[in-house]
Amino acid sequence: MIDVQERPAPGPAEAPAWRHKDLLDTDVLSRADIDLVMETADAMLEVRSRPVAKVATLRGATVVTLFYEQSTRTRASFEVAAKAMGADVVNLTASGSSVVKGESLVDTVRTLEAIGADLLVMRHDRSGAPYLAAKNTKAGVINGGDGTHAHPTQALLDLFTMRRHLGALDGKKVVIVGDVLHSRVARSNVWSLLAAGANVTLCGPATLLPRTLASAGGEEGRVALTADLDRALVDADVVMALRIQKERQATGLIPSLREYINGYQVNATRLARAKPGALVMHPGPMNEGIEISPEAAHGLASVIEEQVANGVAVRMAVLYLMATARTK
Amino acid sequence: MTDLLISGGRVIDPANGLDAQLDVLLRDGRVSAVGKSLFASDSVRYDVTGCIVTPGFVDLHAHLREPGFEQKGTIATETLAALRGGFTTICAMPNTVPAPDSAPVVKALLERIGADARVRVFPIGAVTRGRDGKALANLAEAAGAGCVAFSDDGSPVADGQLMRNALTLLGSLGLPLSEHSDDPVLNAGGVMNEGRVSERLGLAGQPAAAEVTAIARNLALAEATGGRLHVAHITTARGLELVAEAKARGLAVTCEVTPSHLFLTEDAVFGPGPAPAYDTNAKINPPLRTEADRQALIRGLNEGIIDAIATDHAPHAREDKLCEFDYAAPGIACFETAAGTLLTQVARGELDLVRVIAALTAQPARAWKLDARVAGLGTLSPGAPGDIVILDPAMEWTVDTRTFATKGKNTPLQGTSLTGGVRAVIMGGVVAHEVEVAHD
């Protein structure tokens, strides 16, 4: 562990102006909030590049990850982020806890607070569940993905990755392709991208598009919806493919994976319509050969692995800002 | 029994075309006379100056939870809540365990009602055995035991053939089938209205089309069979148009709307803040719809297309609502806020007062021919039951679930300020509920 005095904690010199008890979605974040996360994450990325990639900023803090749904990367990313700042981390999954004995979410959350959890990172398969948790605990709640609603840290790490390559996003065109209707990643990205000044095009089969979300872009029409990927990609600065769940075929939302691939796979032919060098992104885990071709996933324009690495820095920033706000 | 002379109020009795400053004399627990400046020796004068005097409300759609779900509500608690809300006659939906699908179950239910109920309760029988949607219940037997209508409420009778047979058999008995019109396949997994808010919240939606197509099917089956279809808790503008069209063609169809769907929209799920509330107390089935739907329901009521305002009072225990939105039980405890929200909408100029009173009294009684079971029910005709509601249109109050008599504290209206409410309720000629009013 590196001494805090010797290697000062990253982040702005003065106490950061973070006002949120919880991070449940990006929709309530101002541009200043987002800038603060981005600047803090820049500093965290620097920490991660050190030979001993750790600081003691969160020493004494207890971070609990409470996962009601399977996850590898998000849970691991949060755990690494918390440990990199010296926090104690407790990992709980629904299958290995009293949840299987029928304990309610509210009781679980209150118990964890009583045990001493300062921050609760929660993944849940039901939309809105973290809101219920946040309402019923003094601990700070970070939404690690809820149902088909929101995934704010994914959106922030996506934004962070875009900004590192493109700089300010004002007026940039981001195309999100796939099962937008059921995507918590897409929803949270819409709010953070709008706050950052970008324009968003949501593209997918008509059955998988949220028809009313275009109104989120306001009168300037900064959110567009289309079922035509070739047209969507024109002048795109960023192309983000979403994971397609195989069960969408079983429920009849798409006729077949073949039809999906023909219409919506992000591949070299399609990418030729975007701006040269347009970033290729994916929140993972990928179905290579379905929503994205292996060539596109691993090509020169792909920043998919970088997203994962940046995820740790962004989650460090979020944990740091929230823990600091609590001690004030 | 002392005679009661209710004087000084504005009497609204739609069945008799009355809306004037009149006195009402109750004798031996029944309406004896309605007229100007009545006098009766030995009567107690009950001054209701400034208030509205109406027949006791008749609710075609309430959930009492007993037997089977006494943690949510009992006949004793929920009928007390009904009384306090002005509902002196209520029809109890059959989603209990056991469901009233045969004479013995109905008889046992009526015994409990006789022992515990604070208001008049008519049981509604299940259309299918155990409300499982698979085989018809013993309809004639349950009707003989006292069921006034039939419904699988909470679920539709999804099987079209079963619905056709039920309408045919009930038609021959002259009894209405109150149908929760929706298409369970289109609604699969849905937990709120499909649209702007559901997409925003990532919640699975119940499309308006699921109600509209079900109403269209049910109207076609009612027409083919001559059955008496009652469309329960209608929520969609288009569904209402279909009902209006069927009525215009002379079909024996009736429909009801809930105070919740008249007062609230899908936005109640999101809540008032910048961040979503996922308010499980605003989860109801059928769901709160759009503002355009709400406006259509208001028009439908004011134009007399909607026959009844029915509460769909649905009490739930705390844990049924204090959970993930998807898992929360649908329903709103409505008895004790219904008059308040309706009068508030009258005060806003949204709803016509006389239409509202008609839809709470004479029209529901007539729609299900309850006035043939209890003479004069829903009216102030001589000989009618001495069940009277005294409404104070100027009462300013704030919904506080701690004051509720119902076990269900589940309402999205907690903390809402309302204009107008129930001042007193007279049941069988006796003042059974009275709200204390602070005098300046």
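Residues numbered from 1 in each chain as written. Chains lettered and ligands numbered in written order. Predicted model: local features only at pLDDT ≥ 70, side-chain atom pairs only at ≥ 80, totals over all residues. Heavy atoms only, no water.

Undergrad: Which parts of the structure should I look at to understand the domain arrangement of chain B?
TA: When the parts come together, some accessible area is lost, and that loss is often what is quoted as the size of the interface. Residues and elements named next belong to chain B. Each domain of chain B was delimited in the assignment, giving domain 1 (3-52 + 386-434) and domain 2 (56-372). Computed over C-alpha atoms, the centres of domain 1 and domain 2 are 25 Å apart. Across the boundary between the two partners, domain 1 contributes 35 residues, which contact 48 residues of domain 2. The largest share of the area that domain 1 buries against domain 2 comes from Lys407, Asn410 and Pro412, three residues that together contribute 21% of it. For the pair domain 1 and domain 2, the number of links is one salt bridge. Linking Asp387 and Arg120 is a salt bridge whose minimum nitrogen-to-oxygen distance equals 3.0 Å. Applying the counting rule to domain 1 against domain 2 returns 13 residue pairs in polar contact (both at pLDDT 80 or more). Elements with a minimum of two residues in the side of domain 1 that touches domain 2: strand 1 (3-13), strand 16 (388-398), strand 17 (417-427) and strand 18 (430-434). With eight residues, the single largest contributor to the side of domain 1 that touches domain 2 is strand 17. Among the residues forming the side of domain 1 that touches domain 2, the class breakdown is 19 nonpolar, 10 polar and six charged. (Domains from an automatic or database assignment. Contact = heavy atoms within 4.5 Å. Buried area = accessible area lost by both parts, 1.4 Å probe. Salt bridge = Lys/Arg side-chain N within 4 Å of Asp/Glu carboxyl O. Polar contact = N/O pair within 3.5 Å; in protein donor to acceptor, adjacent residues only side chain to side chain. Helix = DSSP H or I, 4+ residues; strand = E, 2+ residues; numbered from the N terminus. Nonpolar A, V, L, I, M, F, W, Y, C, P; charged D, E, K, R; others polar.)

Undergrad: Help me understand the interface of chain B and chain A, please; the structure alone is not making it clear to me.
TA: Listed as interface residues are 19 residues of chain B and, on the opposing side, 27 residues of chain A. In terms of surface lost to chain A, no three residues of chain B exceed Glu199, Arg200 and Glu324 of chain B, which account for 37% of the buried area on that side. Counting the contacts that link chain B with chain A gives two salt bridges. The salt bridge partner of Arg126 of chain A is Asp326 of chain B, with a shortest N-O separation of 3.0 Å. Applying the counting rule to chain B against chain A returns 11 residue pairs in polar contact (both at pLDDT 80 or more).

Undergrad: What should I look at first to understand the sheet that holds strand 2 (residues 88-93) of chain A in this one?
TA: Residue and element names in this part refer to chain A. Spatial strand order, 2-1-3-4: four strands in an open sheet with parallel pairing. This sheet does not close on itself; its edge strands, each paired only once, are strand 2 and strand 4 (140-146). Averaged over neighbouring strand pairs, the angle between their axes works out to 15° when direction is ignored. Across five bridges, strand 3 (residues 119-124) lies against strand 4 in parallel orientation. Among the inter-strand pairings, Met122 is bridged to a residue of strand 4, identified as Asn143. (Pairing = 2+ DSSP bridges. Axes fitted to C-alpha atoms, helices over the stretch in contact; angles between N-to-C directions.)

Undergrad: Would you mind showing me how to read the side chain of Ser181 of chain B here?
TA: Residue and element names in this part refer to chain B. Position of Ser181 relative to the elements: it lies in the loop between strand 10 (176-179) and strand 11 (192-193). Given the relative accessible area of 6%, Ser181 is considered buried. A polar atom in the side chain of Ser181 sits 3.0 Å from the side chain of Asn218. For Ser181, the residues in contact, after removing those within four places along its chain, are Ala210, Glu211, Ala214, Ile215, Asn218 and Val231. (Buried < 20%, exposed > 50% of the residue type's maximum accessible area, 1.4 Å probe, protein only.)

Undergrad: How do you make sense of the environment of Gly35 of chain B when you look at a structure like this?
TA: Residues and elements named next belong to chain B. Within the secondary structure, Gly35 sits in strand 3 (residues 30-35). On a C-alpha basis, the gap between Gly35 and Ser7 in space is 9.7 Å, while along the polypeptide they are 28 residues apart. When sequence neighbours within four positions are dropped, the list of residues in contact with Gly35 reads Leu22 and Asp23.

Undergrad: Help me understand the confidence of the model for chain B, please; the structure alone is not making it clear to me.
TA: A low pLDDT means the predicted coordinates there should not be read in detail. When the pLDDT values of chain B are averaged, the result is 97; 99% of them are 70 or greater. Here the predicted complex carries an ipTM of 0.92, next to a pTM of 0.95. (pLDDT = per-residue confidence, 0-100.)

Undergrad: Any chance you could explain the pairing of strand 1 of chain B here in plain terms?
TA: The side chains of a regular strand alternate between both faces of the sheet. Residues and elements named next belong to chain B. Strand 1 sits mainly inside the fold: 10 of its 11 residues count as buried. Where strand 1 and strand 4 (residues 43-47) come together, five bridges link them in parallel fashion. The residue of strand 4 that forms the bridge with Leu4 is Val44. By the bridge criterion, eight bridges tie strand 1 to strand 2 (residues 18-27) in an arrangement that is antiparallel. Each residue of the ladder has a partner; that of Leu5, found in strand 2, is Leu25. Hairpin connection from strand 1 to strand 2: four residues lie between these consecutive antiparallel strands, with Gly17 at a positive phi of about 65°. In this structure, strand 1 lies alongside strand 5 (residues 52-55), joined through two bridges in parallel fashion. Bridge pairing links Val11 to Val53 in strand 5.

Undergrad: Sorry, what's going on with the packing of helix 2 (residues 73-84) of chain A against helix 12 (residues 304-327) of chain A here?
TA: Axis angle and axis distance: for two packed helices, these are the angle between their axes and the distance between the axes, and together they describe the pair. Residue and element names in this part refer to chain A. The interhelical angle for the contact between helix 2 and helix 12, taken along N-to-C directions, is 55°, at an axis separation of 8 Å. Our classification of the angle between helix 2 and helix 12 gives oblique. In this structure, helix 2 crosses over helix 12, and the sense of that crossing is right-handed. Across from Arg73, Thr74, Ser77, Phe78, Val80, Ala81, Ala82 and Ala84 in helix 2, the residues of helix 12 making contact are Val308, Gly311, Val312, Arg315, Met316 and Leu319. Residue composition of the contact of helix 2 with helix 12, by class: nine nonpolar, three polar and two charged. (Parallel < 35°, antiparallel > 145°, perpendicular 65-115°, else oblique. Left-handed = near helix turned anticlockwise from the far one by under 90°.)

Undergrad: What should I look at first to understand the packing of helix 5 (residues 152-166) of chain A against helix 12 of chain A in this one?
TA: All names here are of chain A. The N-to-C vectors of helix 5 and helix 12 enclose an angle of 115°; their axes lie 8 Å apart at closest approach. Here the hand of the crossing between helix 5 and helix 12 comes out right-handed. Facing Thr153, Gln154, Leu156, Leu157, Asp158, Phe160, Thr161, Arg164 and His165 of helix 5, the residues of helix 12 in contact are Glu306, Gln307, Asn310, Gly311, Val314, Arg315 and Val318. Here the residues of the contact of helix 5 with helix 12 are counted per class, giving five nonpolar, seven polar and four charged.

Undergrad: I tried to follow helix 2 (residues 103-116) of chain B on my own but got confused; where do I start?
TA: Counting along an α-helix, one turn takes 3.6 residues, and residues three or four places apart therefore face a common direction. Residues and elements named next belong to chain B. In this model helix 2 runs 20 Å from its N-terminal to its C-terminal C-alpha over 14 residues, within 8% of the 20 Å that 1.5 Å per residue would give. Residues of helix 2 that are buried include every one of Ala103, Val105, Val106, Leu109 and Ile113, and no others. Seen along its axis, helix 2 keeps its buried residues to an arc of 160°; they face one direction. For helix 2, exposure combined with an orientation more than 90 degrees from the buried face picks out Pro104, Glu111, Gly114 and Ala115. At its buried positions, helix 2 is contacted by helix 1 (75-85), strand 8 (120-125) and helix 3 (139-145). (Expected span 1.5 Å × (residues − 1). Arc of directions from axis to C-beta.)

Undergrad: Where do I start with the pattern of salt bridges in this structure?
TA: Between side chains of opposite charge, a pair can form as their charged atoms come close. Using the criterion set out here, one finds 36 salt bridges over all chains in the structure. A salt bridge links Lys83 of chain A to Glu79 of chain A; the nearest nitrogen and oxygen atoms lie 2.7 Å apart. Of this pair, Lys83 of chain A and Glu79 of chain A are both found in helix 2, four residues apart, which corresponds to roughly one turn of the helix. By relative accessible area, which is 36% here, Lys83 of chain A ends up partly exposed. Measuring nitrogen to oxygen at the nearest pair gives 3.4 Å for the salt bridge that ties Arg112 of chain B to Glu70 of chain B.

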